[in-house]
Amino acid sequence: MSQPVQAPSVYPASDEFVASAHVDAAGYEAMYSASAADPAAFWAEHGKRIDWIKPYTKVKNTSFEPGNISIKWFEDGQLNVSANCVDRHMTTRANQTAIIWEPDHPDTPALHITYAQLLENTCRMANVLKAHGVTKGDRVVIYLPMIPEAAYAMLACARIGAIHSIVFAGFSPDALSNRINDSEAKCVITADFAPRGGRKTALKANTDAALLHCDDRVKCLVVKHTGDQTSWVSGRDIDVKAEMAEVSPYCSYVEVNAEDPLFILYTSGSTGKPKGVVHTSGGYLVYASMTHQMTFDYHDGDVFWCTADVGWVTGHSYIIYGPLANGATTIMFEGVPTYPDAGRFWEVCAKHKVNQFYTAPTAIRALMGQGAEWVEKHDLSSLKLLGSVGEPINPEAWNWYNTHVGKGKCPIVDTFWQTETGGHLITPLPGAVPQKPGSATMPFFGVKPVILDAATAEVQTETAAEGVLCITDSWPGQMRTLWGDHARFEEAYFSQYPGYYFTGDGCRRDADGYYWITGRVDDVINVSGHRMGTAEVESALVAHSMVAEAAVVGYPHEIKGQGIYAYVTLMNDVEPTDELRKDLVKWVRQEIGPIASPDLIQWSPGLPKTRSGKIMRRILRKIAENDYDALGDISTLADPSVVEELIANRMNRR
Ligand code: 6R9
């Protein structure tokens, strides 16, 4: 009897791929060992990959010591990030396409923006900012769709030393005003409307609503993108395109110190309000450009497409800064994977002859559900490599991606990293490390992961181990602080496991030394690859006048990875109705944004609490997972009977 054919569990790259790869297995071993043995010497060398106005003499000055968390790289060097991403390519690739802009609707022509045009538009945007009083160190909030002006705005800020803070265009007016206020921004750059998937979000109207809660001096720079009518506040609102056409096409760049902030990006934590992650200029750019080149095995002339939004860190590092620092051709896509049909991603890959394609597992799962025929329709022969980011990729999605998109010949890089890490932390280098579906595999150069026992904090020294993932030493792309709150930075990342950077993720290491991320171990959930603190959704819910208390947990969701499950206790004498359920969903969408919409709301007259009043989320998670047989010890509950009630009325029955 013949044996069933087993899919191989390890996938090495083809000999052909390895032959032209930047790094092969021996190269990885040698470079990784060098980076671990003497990080300062290693990064002294690799820091030279970007242009410095004043070269650094000090390379690494970092401490994870409790009470003295301090991270500095290349600290006496001076550079300009915009000059590195644009000006320095002028002698060799002025007429090469820097950005291919692919609009929401395929009938609208794509734009091919050369490096020379990128320079001119960046300068024009920088001159508009300067004309409105923006100078070095000022904060600029960017609330734009995926349009070229978003890139111009980022690079313009970098050019004049201003610090940008991008707010995802799917966020609500409240989220926007909080970020404008927390960063004390001088202006916000927005657009009239954001077309996406055939619909239009009224960004200017959202910005108007946000600015009601901000300082009157905050200027509003509006990109007239769709040209639809909007309100206009004279003296405050500025027509960006009109002014860009008027100002000079030249703008010199300023020198900034390596440790001057490049951007703030707000991200969700396990508690309280979003955290303003701060990245600085030198180390971040070195790390973003090096990971872009090595992880994606990017070669000159390749067309690189990262499908993320610039509102997320992935868009910062792998649509803009990494690729442009490397003189790449990078795609900026305004639309969604399923508009006008489920073949759009593949249509764009074929149209622009994409070589490296980088997306999130949630998109792959959604497209997998639409059937492989959408992929087969398009010529994907240009693809050399595929990437995945945002959450663990399940083997089923990996296999589909490999078979139907990669045709079994493209390595898949499963890149584990975070807003806080600036660039890839654990990822295969495609020519060096054979892939295992679902594993992020091995650390990038200079990254020293350890697995600690979650309870005892003991370092797991065996190769095969499981626990929480920490990093023992700094790498250049690491965040430096939280905007205006260094104490919270220490508390959030360095206090639970003193001496280490704590990722917040659980992790398993197999006998071959491969790392497998198992998901967040804190109260952060990952919905369609978007990070969200359950506390944020809870505080939105309790802000509703009819809600007394709310507890939010994640539960397994076929497409989104995790869905949002909310347990809601209503005020006395409020009737629980389906109408109210819909109202609450709408309310959360307004408070935070559509991505935070609860999928399931369970009316919960009581929540399981300890005698000290702490909600036992472990129990709520189990019930939401429909796995209530294994609740563990509930004897410490103040009133164990509420659990019965919650199980009886659970929403997620399978
Ligand atoms: C880049 C980005 C970070 C969190 C992170 C982890 C999860 C990201 C992953 C992954 C498993 C991967 N995550 N990539 N989990 N495998 N390849 O996503 O940043 O939005 O800050 O999210 O996402 O849980 O801690 P961010």
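Predicted model only: the values in this text are computed from it and were never measured.

**Student:** Would you take a moment to explain the site of the ligand for this structure?
**Tutor:** In the neighbourhood of the ligand, 17 residues make up the surrounding shell, with Asp-414, Thr-415, Thr-419, Asp-505 and Arg-531 lying closest. The separation between a nitrogen atom of the ligand and a polar main-chain atom of Thr-415 is 2.8 Å. Across the complex, the protein chains shield 96% of the 540 Å² of accessible surface that the ligand would expose by itself. Every element with two or more residues in the shell around the ligand is listed here: helix 12 (313–325), strand 20 (412–415) and strand 25 (515–520). In terms of residue class, the shell around the ligand is built from six nonpolar, six polar and five charged.

**Student:** What am I meant to see in the sheet that holds strand 22 (residues 465–471) here?
**Tutor:** Note: strands within a sheet are paired through backbone hydrogen bonds, in either parallel or antiparallel orientation. Taken in spatial order, the four strands make up an open sheet running 21-22-24-25, and their pairing is antiparallel. One side of each edge strand has no neighbouring strand; the edge strands of this open sheet are strand 21 (449–452) and strand 25. Neighbouring strand axes in the sheet, compared pairwise and without regard to direction, differ in orientation by 45° on average. Inspection of the sheet shows strand 22 paired to strand 24 (residues 501–509) by six bridges, in the antiparallel sense. Within the sheet, the bridge partner assigned to Gly-467 lies in strand 24 and is Cys-507.

**Student:** Explain helix 20 (residues 617–624) to me, please; I cannot follow it from the model alone.
**Tutor:** Think of an α-helix as 3.6 residues a turn; residues three or four steps apart then line up on the same face. Residues Arg-617, Ile-619, Leu-620, Ile-623 and Ala-624 constitute the buried set of helix 20. One face of helix 20 carries all of its buried residues, which in axial projection span an arc of 155°. Those residues of helix 20 that are buried lie in contact with helix 18 (534–542), strand 28 (547–557), strand 29 (561–570) and helix 21 (641–648). A positive phi of about 65° marks Asn-626, the residue just after helix 20.

**Student:** Which parts of the structure should I look at to understand the side chain of Thr-427?
**Tutor:** Among the structural elements, Thr-427 can be located in the loop between strand 20 and strand 21. Filtering out sequence-adjacent residues up to four positions away, Thr-427 remains in contact with Thr-295, Val-413, Asp-414, Thr-415, Ala-440, Thr-441, Met-442 and Phe-444.

Calculation criteria
- Residues numbered from 1 in each chain as written.
- Predicted model: local features only at pLDDT ≥ 70, side-chain atom pairs only at ≥ 80, totals over all residues.
- Heavy atoms only, no water.
- Near = heavy atom within 4 Å.
- Polar contact = N/O pair within 3.5 Å; in protein donor to acceptor, adjacent residues only side chain to side chain.
- Areas by Shrake-Rupley, 256 points an atom, 1.4 Å probe, with all protein chains shown as cover.
- Helix = DSSP H or I, 4+ residues; strand = E, 2+ residues; numbered from the N terminus.
- Nonpolar A, V, L, I, M, F, W, Y, C, P; charged D, E, K, R; others polar.
- Pairing = 2+ DSSP bridges.
- Axes fitted to C-alpha atoms, helices over the stretch in contact; angles between N-to-C directions.
- Buried < 20%, exposed > 50% of the residue type's maximum accessible area, 1.4 Å probe, protein only.
- Arc of directions from axis to C-beta.
- Contact = heavy atoms within 4.5 Å.

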